[in-house]
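For reference, the chains in residue letters:
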Amino acid sequence: NNLQYKAVVSTQSTGSVYIIVKFSCYSQVMLSGSDCSHNLPAVLKDETRDEYQSKFGIYLKQVEDISKYPHLKSKDQIRIYVDGVFDMFHFGHANYIMQAKNMFPNVFVIAGVVGTEATHKLKGQTVMTEEERCESVRMCRYVDLVICPAPWVITEDFLKKHRIDFVCSEGDPYPMGDVDDIYKPIKDMGKFIAVPSCPAVSISGFITRIIYYYDLYLQRNLDRGYSRMISI
C-alpha cells in the first residue's frame with residue numbers, strides 16, 4: 001500500500017500541557033471503481049454510490065471558488081479554523097468539520113476546542129472533561145491540528161499566530177453578553193465562511209433523551225454492577 005503519513009504537533013498551556021500529534025493516512029477507499037480521499041465520510045458496507053451521495057450531499061457545502069480570493073491564488077494549501085466545545089462529539093460535529101475540510105481543494109483544518117473554564121462560565125456544565133473533548137476531536141478524520149484550550153473569542157492576533165486563512169462556523173450571529181455576534185470582527189475582515197448546521201443531532205437532544213429514560217439507564221448501570229455513587 002502506498003501510504004503517506006504526516007505529523008503535526010501543537011502545544012498549549014494553562015496549567016497542563018497537551019502535545020497533540022495527528023497522523024493522517026492517505027489511502028485509497030474504493031467506491032464503485034473510483035477512490036475517495038479521507039476528506040469524505042467512510043463508506044458503509046454494501047452501500048451504493050447513489051446512496052452514499054444522497055446521504056451526505058445534503059450536508060456538504062459546495063466548494064468555494066478560490067478565484068474570489070485573489071490573495072490565496074498562490075497558496076498550495078488553505079488553513080481553515082473551526083472551533084467549538086465539542087461535548088459528546090457526534091456526527092453533527094464531524095459534519096461541520098467535514099464541510100470545512102472540503103471548502104477548497106487542499107485544506108488544512110485546525111480545530112479549536114474551547115477550554116473547560118471558559119465553557120463552564122459562558123455556556124454551562126459539560127458532560128466530558130476538557131481532555132476527553134480534545135481527544136475526541138483529535139480522532140476525527142478531517143482534523144489536521146488541534147488547539148486545546150482554544151479561546152472563546154477569536155482575535156486577529158490569534159489568526160496571525162496560527163496563519164489562519166478562514167474561520168468556518170454557522171452563519172447566524174453568535175451573541176455573548178453585550179456582543180451581538182462574536183464572529184463579526186472576523187466577518188468584517190472577510191475571513192469568515194458560513195456552513196449550514198446539521199439539525200438532525202445535538203447534545204441538547206442527547207441530554208433530553210438521557211433524562212427522559214433516566215430510570216432505564218440507571219437500572220442498566222446498576223445491573224452491570226455500578227454504584228449509585230459516581231466519580232466525576
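In this text the structure is predicted, and so the values were computed from the model without any measurement.

### A few points about the pairing of strand β7 (residues 145-150)
Of all 6 residues making up β7, 6 are buried, and the element is well covered by its neighbours. The sheet contact formed by strand β6 (residues 107-114) and β7 spans 4 bridges and is parallel. Pairing of Ile 110 across the sheet is with Leu 145, part of β7.

### Here we look at the nonpolar core
Nonpolar side chains in soluble globular proteins tend to be buried together. If you look at the biggest cluster of nonpolar residues, it comprises 28 residues, and the most contacted ones within it are Ile 80, Val 82, Ile 97, Phe 104, Phe 166 and Cys 168. For Ile 97, the contacting residues outside a window of four places in its chain are Val 82, Phe 86, Phe 89, Val 109, Cys 140, Tyr 142 and Val 143. The next biggest cluster of nonpolar side chains, apart from the first, holds 18 residues, and it includes Phe 108, Val 114, Tyr 183 and Ile 186.

### Quick notes on unusual backbone geometry
Omega for the peptide link from Cys 148 to Pro 149 comes to 0°, which places this bond in the cis form. Relative to the helices and strands, Pro 149 is located in strand β7. Although it is not a glycine, Met 88 adopts a positive phi angle of roughly 50°. Classification of Met 88 as partly exposed rests on a relative accessible area of 21%. With a phi close to 50°, Arg 163 is a non-glycine residue in the positive phi region. Topologically, Arg 163 is positioned in the loop between α5 (156-161) and β8 (166-169).

Reading the values: rules and limits
- Residues numbered from 1 in each chain as written.
- Predicted model: local features only at pLDDT ≥ 70, side-chain atom pairs only at ≥ 80, totals over all residues.
- Heavy atoms only, no water.
- Buried < 20%, exposed > 50% of the residue type's maximum accessible area, 1.4 Å probe, protein only.
- Helix = DSSP H or I, 4+ residues; strand = E, 2+ residues; numbered from the N terminus.
- Pairing = 2+ DSSP bridges.
- Core = buried A, V, L, I, M, F, W, Y, C linked by side-chain atoms within 4.5 Å.
- Contact = heavy atoms within 4.5 Å.

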